[in-house]
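As a plain string of letters, each chain reads:
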Amino acid sequence: MGIADQFKDKAQELADQAKQKKTGDKKGEARERPSEESERGSEQSGLRDRAQDMTDEARERFDR
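Throughout what follows, the structure given in this document is the object of discussion.

Conventions used here
Residues numbered from 1 in each chain as written. Predicted model: local features only at pLDDT ≥ 70, side-chain atom pairs only at ≥ 80, totals over all residues. Heavy atoms only, no water. Helix = DSSP H or I, 4+ residues; strand = E, 2+ residues; numbered from the N terminus. Buried < 20%, exposed > 50% of the residue type's maximum accessible area, 1.4 Å probe, protein only. Salt bridge = Lys/Arg side-chain N within 4 Å of Asp/Glu carboxyl O. Patch = residues over 30% accessible without salt bridge, like charges linked within 9 Å, V, L, I, M, F, W, Y side chains within 5 Å. Areas by Shrake-Rupley, 256 points an atom, 1.4 Å probe, with all protein chains shown as cover. Lys, Arg positive; Asp, Glu negative; His and termini not counted. Charge placed at Lys NZ, Arg CZ, Asp CG, Glu CD.

1. Topic: the overall build of the protein
Along the protein, the regular secondary structure elements total two helices and zero strands. Residues counted as buried form 2% of the 64 residues belonging to the protein.

Right, dumping it as structure tokens:
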């Protein structure tokens, strides 16, 4: 078996794995979505808090 054949076999194996993941357990994906959304929400609120803190600090510096 040549190197080219090995690469083709590996590419096919990876393609099959990706296809299985894509068509995998849809119920599992549905269960994960709410937790992902809550994580994004907490990240966004954390970023908002940080931005507000930075804004407040900048105002304090320039008000002096």
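There's more to say after this.
2. Describing the pattern of salt bridges
Enumeration over the complete set of coordinates arrives at two salt bridges. Put simply, E13 and K10 hold a salt bridge, and the shortest N to O gap is 3.8 Å. Of this pair, E13 and K10 both sit in helix α1 (residues 3–22), three residues apart, which is roughly one turn of that helix. According to the relative accessible area criterion, E13 is partly exposed, its value standing at 39%. Close ionic contact of R61 with E57 constitutes a salt bridge, the shortest N to O distance being 3.9 Å. In this pair, R61 and E57 are both assigned in helix α2 (residues 26–63), four residues apart and thus about one turn of the helix distant.

3. Details of a negative patch on the surface
Taken together, the side chains of D49, D53, D56, E60 and D63 make up a negatively charged region of the molecular surface. Mapped onto the elements of the fold, D49 is located in helix α2.

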